[in-house]
Amino acid sequence: MELWTDFWDRAENGDLKFLPSRQNKTALDPINQGYYSKDTYFAEMGKNLNLVGHDDIARKERSSAKLKVFVYELEHEFTLEKYIEDINSHSQPRSNCDWNMNVCAEENWVGQYSSMRQYGADATLIKLFRSYVNRVYDPADADIFVVPFPHSSICRTYFRQCWGKCSCSRDGGREKKRVEKMIKSLKYLNDDTKKFHLFLLTGDTENHVDALTSMPLYVSLGGQDFKGSTNIVIPPANTEPGYQPSALAKFDWTRPRKTAVFMNFGVVNDVRRDAFSVLEKTPFIAGLPVEVHEIIEHRHFVLSAQETWQKYRDSYFCPILQGDLPYQKRFYDVVAAGCIPVVVASASRDNNPHKSWFKQGSLGYNVTYPFAYSNFTHTIEDKQRLGLVDYSEFVVEVDSVHSIVPVIESLLKNDAEAILGMQTAIGKVAKKFVYGLGDDMFTPGDAFDTMLIQLEEYHSLHRSKGGQDFHFQQEGRGGAETKSETSNIKNQETTYCGNRKWNGTDMSCNRRVSYLADHYHMAIPMAIQAVLKENCTCV
């Protein structure tokens with residue numbers, strides 16, 4: 001008992017780290033299997049997602065968000081850990097970077113793995129929400145309930161992509177059934193709380209199961225708009241160290257560039273085919289070179305990943321033209337690099353005054369791009385309070401691909417001030433398109449922080465006038481008994497360990513579990529196991 005008490009004292013002082021060495025533990029098995037559960041330990045992500053050190057806590061305290069978030073502990077078959085186990089067990093090649101969990105410079109594009117990582121921001125968000133400073137462990141305290149189900153990653157598994165509502169050939173509707181089973185497992189989902197449950201659909205909305213896109217609240221990369229749902233559009237993950245918020249803060253956004261136009265994409269439709277033809281025949285604009293490359297069959301690249309990033313950084317303008325979907329990761333890549341995006345703008349649908357950057361009659365860009373400010377629906381105060389992005393300040397709209405060259409030539413020759421203004425505007429908003437990881441976790445104003453602000457706004461608009469009063473029905477041990485918990489019973493302890501005292505003190509074991517969860521960000525099952533096995537005596 002003295003040894004265990006000393007262990008906790010040292011842990012509270014930050015003298016212990018719950019992190020085995022990757023180098024010395026190649027199998028990545030837990031040191032003390034009885035203490036860590038399989039579901040919460042370490043799915044080859046570089047660290048245990050449920051434990052953080054003092055540096056992590058210091059980073060979290062930088063966040064200005066006040067939103068209280070409850071993160072579900074899902075059954076193992078629905079977890080990010082299970083997904084990572086699955087992809088790590090597959091034999092197809094992967095790049096040097098993991099699935100968007102840590103800062104990493106991808107050395108080379110590796111086929112489907114590198115392409116599909118763009119849909120895996122759910123892994124990034126799960127990591128961030130699990131370590132979020134205002135994470136709560138009593139559902140009655142929650143403003144938002146986060147469901148950490150990596151649906152988009154599962155649908156875009158690099159060795160088996162499922163398109164069209166995550167439908168795979170010959171799978172017999174397996175993913176649809178899994179989603180339905182997962183939803184049924186959410187014990188705090190009811191008529192009162194449904195609108196406050198957040199689902200992480202980090203692909204384009206057309207490629208998720210209907211049961212999820214019909215939910216009242218989710219985040220996505222944009223695309224189709226579903227009536228009755230609030231879809232907070234977010235950017236894809238970018239783990240490149242040069243594009244973390246701290247690196248962007250040091251970037252010289254207005255420095256002279258070497259290249260007038262850089263374009264690197266697959267020639268998959270008439271719009272891109274025409275643009276490629278026009279620019280290929282235009283070696284220089286305003287005395288600066290034009291560089292174009294074709295990506296063959298979506299997967300075969302002329303340039304490496306790092307060479308492509310450098311080309312973006314060295315160029316003034318980067319055309320982002322119609323692809324398969326309204327969402328394009330390329331847009332966020334060029335903006336983070338300081339290259340001014342050029343888009344073909346067409347009339348959008350639903351009498352939206354904002355143009356579509358996809359194609360004629362599609363959704364306006366204010367619906368399909370993250371955190372978009374609209375001067376028709378927002379005030380200037382809204383823009384500042386919500387951290388919205390005014391895309392008109394830095395995106396060049398043209399009416400056709402044949403206008404690209406004359407518009408860029410006019411800007412380069414005659415309007416250096418306009419170019420400087422667009423570059424400056426990009427510098428002000430660039431970090432809203434990246435999620436801080438590592439030392440940059442929870443940077444104010446990054447994509448995660450801006451998303452939290454949108455969730456705070458959503459919560460304030462949808463909560464009841466008298467405040468939230470959630471009623472939870474939970475199964476008893478025999479499956480028949482139920483109990484009701486409401487958020488106005490704040491002083492009652494959540495029962496984890498029965499009527500027990502912790503270590504002979506006045507603190508109950510239930511309070512000790514909550515303490516470990518709140519202060520050391522342990523998963524509840526792990527905290528219960530630690531307290532019950534080593535610290536509690538029956539009374």
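Residues numbered from 1 in each chain as written. Predicted model: local features only at pLDDT ≥ 70, side-chain atom pairs only at ≥ 80, totals over all residues. Heavy atoms only, no water.

**Q** Looking at this structure, I do not really get the confidence of the model for the chain. What am I missing?
**A** Regions with low pLDDT carry predicted coordinates that are not meant to be interpreted in detail. Considering every residue of the chain, the mean pLDDT works out to 80; 73% of them sit at 70 or more. Across residues 1-5, where pLDDT falls below 50, the model places six contacts with residues more than four positions away in sequence or in other chains. Segment residues 474-493 is flagged for pLDDT under 50; beyond a separation of four residues in sequence, or across chains, it makes 30 contacts in the model. (pLDDT = per-residue confidence, 0-100. Contact = heavy atoms within 4.5 Å.)

**Q** Before we go on, may I ask you to explain the environment of Thr 157 in this structure?
**A** One can find Thr 157 in strand 4 (residues 156-157). Exposure remark for Thr 157: the relative accessible area of 5% places this residue in the buried category. Each C-alpha atom, one on Thr 157 and one on Ile 87, is 7.4 Å from the other, the two residues being 70 residues apart in sequence. Looking at Thr 157, its side chain comes within polar contact range of the main-chain oxygen of Ile 154, at 2.8 Å. (Helix = DSSP H or I, 4+ residues; strand = E, 2+ residues; numbered from the N terminus. Buried < 20%, exposed > 50% of the residue type's maximum accessible area, 1.4 Å probe, protein only. Polar contact = N/O pair within 3.5 Å; in protein donor to acceptor, adjacent residues only side chain to side chain.)

**Q** Explain the pattern of salt bridges to me, please; I cannot follow it from the model alone.
**A** Side chains carrying opposite charge are able to pair once their charged atoms draw close together. According to the stated counting rule, one finds 18 salt bridges in the structure shown. Glu 77 is the salt-bridge partner of Lys 181, the closest N and O atoms lying 2.9 Å from each other. Highlighted residues: Lys 181 in helix 7 (residues 174-184) and Glu 77 in the loop between strand 1 (69-71) and helix 3 (80-88), separated in sequence by 104 residues. Between Asp 382 and Arg 385 there is a salt bridge, and its shortest N-O distance comes to 2.9 Å. In this pair, Asp 382 and Arg 385 are both assigned in helix 14 (residues 380-386), three residues apart and thus about one turn of the helix distant. Taking the relative accessible area as the measure of exposure, Arg 385 reaches 35% and is therefore partly exposed. A cluster of three or more residues bridged by salt bridges with shared partners is formed by Glu 381, Asp 382, Arg 385 and Glu 457. (Salt bridge = Lys/Arg side-chain N within 4 Å of Asp/Glu carboxyl O.)

**Q** I keep staring at the sheet that holds strand 10 (residues 284-285) and nothing clicks. Help me out?
**A** Pairing between sheet strands relies on hydrogen bonds along the backbone, with the strands arranged either parallel or antiparallel. Taken in spatial order, the six strands make up an open sheet running 10-11-9-12-13-14, and their pairing is mixed. Every interior strand has two partners, whereas the edge strands, strand 10 and strand 14 (396-398), have only one. Of the strands in this sheet, strand 12 (315-319), strand 13 (340-344) and strand 14 are in contact with helix 16 (residues 416-429), which crosses strand 13 at around 105°. (Pairing = 2+ DSSP bridges. Axes fitted to C-alpha atoms, helices over the stretch in contact; angles between N-to-C directions.)

**Q** Would you explain the side chain of Arg 117 in this entry?
**A** Mapping Arg 117 onto the fold places it in the loop between helix 4 (111-116) and helix 5 (121-130). Its relative accessible area of 7% is what places Arg 117 among the buried residues. Only 3.0 Å separates the side chain of Arg 117 from the side chain of Thr 239, close enough to count as a polar contact. Residues within four places of Arg 117 in sequence aside, it is in contact with Cys 97, Asp 98, Trp 99, Asn 100, Glu 106 and Thr 239.

**Q** What am I meant to see in the packing of helix 15 (residues 404-414) against helix 16 here?
**A** When two helices pack together, their arrangement is given by the angle between the helix axes and by the axis-to-axis distance. Taken N-terminus to C-terminus, the directions of helix 15 and helix 16 make an angle of 100°; their axes are 6 Å apart at the nearest point. Here helix 15 is positioned roughly perpendicular relative to helix 16, judged by the angle of their axes. In this structure, helix 15 contributes Leu 411, Leu 412 and Asn 414 to the contact, and helix 16 contributes Ala 416, Ala 418, Ile 419 and Met 422. Of the residues that constitute the contact of helix 15 with helix 16, the class distribution is six nonpolar, one polar and no charged. (Parallel < 35°, antiparallel > 145°, perpendicular 65-115°, else oblique. Nonpolar A, V, L, I, M, F, W, Y, C, P; charged D, E, K, R; others polar.)

**Q** Help me understand the sheet that holds strand 7 (residues 217-220), please; the structure alone is not making it clear to me.
**A** Strand order in the open sheet formed by six strands is 2-1-3-6-7-8, and the pairing between neighbours is parallel. The strands lining the two open edges of the sheet, one partner per strand, are strand 2 (135-136) and strand 8 (230-233). Here strand 7 pairs with strand 8 via four bridges, running parallel. In the sheet register, Tyr 218 faces strand 8, and the bridge partner there is Asn 231.

**Q** Looking at this structure, how should I read the state of the cysteines?
**A** Each disulfide is one covalent bond, formed between the sulfur atoms of two cysteines. Under the definition given, this model contains three disulfides. For Cys 318, the disulfide goes to Cys 339, at an S-S distance of 2.1 Å. Negative torsions about the S-S bond denote left-handed disulfides, and the value of about 100° found for Cys 318 with Cys 339 makes this one right-handed. Linking Cys 318 in strand 12 with Cys 339 in the loop between helix 12 (329-336) and strand 13, this pair joins segments that are 21 residues apart in sequence. Accessibility assignment for this pair places Cys 318 and Cys 339 in one class, buried. (Disulfide = S-S within 2.5 Å.)

**Q** What should I look at first to understand helix 5 in this one?
**A** Residues separated by three or four positions in an α-helix point in the same direction, a consequence of the helix having 3.6 residues per turn. Burial analysis of helix 5 places ten of its ten residues in the buried class, the great majority of the element. Those residues of helix 5 that fall on the buried side of the exposure criterion are Ala 121, Asp 122, Ala 123, Thr 124, Leu 125, Ile 126, Lys 127, Leu 128, Phe 129 and Arg 130.

**Q** Mind showing me how you'd approach the packing of aromatic side chains here?
**A** Aromatic ring pairs are reported here in terms of the distance separating the ring centres and the angle at which the planes meet. The final tally for this structure, using the stated rule, is 29 aromatic pairs. Measuring from centroid to centroid gives 5.4 Å for Phe 70 and Tyr 188, while their planes differ by 90°, and the two rings are edge-to-face. Residue Phe 70 is located in strand 1, and its partner Tyr 188 is located in the loop between helix 7 and strand 6 (197-200); the two are separated by 118 residues in the primary sequence. A residue is classified by how much of its surface remains accessible, and Tyr 188, at 7% relative accessible area, is buried. Through a chain of ring-to-ring contacts, the aromatic side chains of Tyr 119, Tyr 327, Phe 331, Tyr 332, Trp 357, Tyr 365, Tyr 369, Tyr 391, Phe 394 and Phe 433 assemble into a single cluster. Lying over the aromatic face of Tyr 119, Arg 156 brings its terminal NZ or CZ to 5.1 Å of the ring centre. (Phe/Tyr/Trp six-rings, centres within 6.5 Å; stacked < 30°, edge-to-face > 60°. Lys NZ or Arg CZ within 6 Å of the ring centre and 35° of its normal.)

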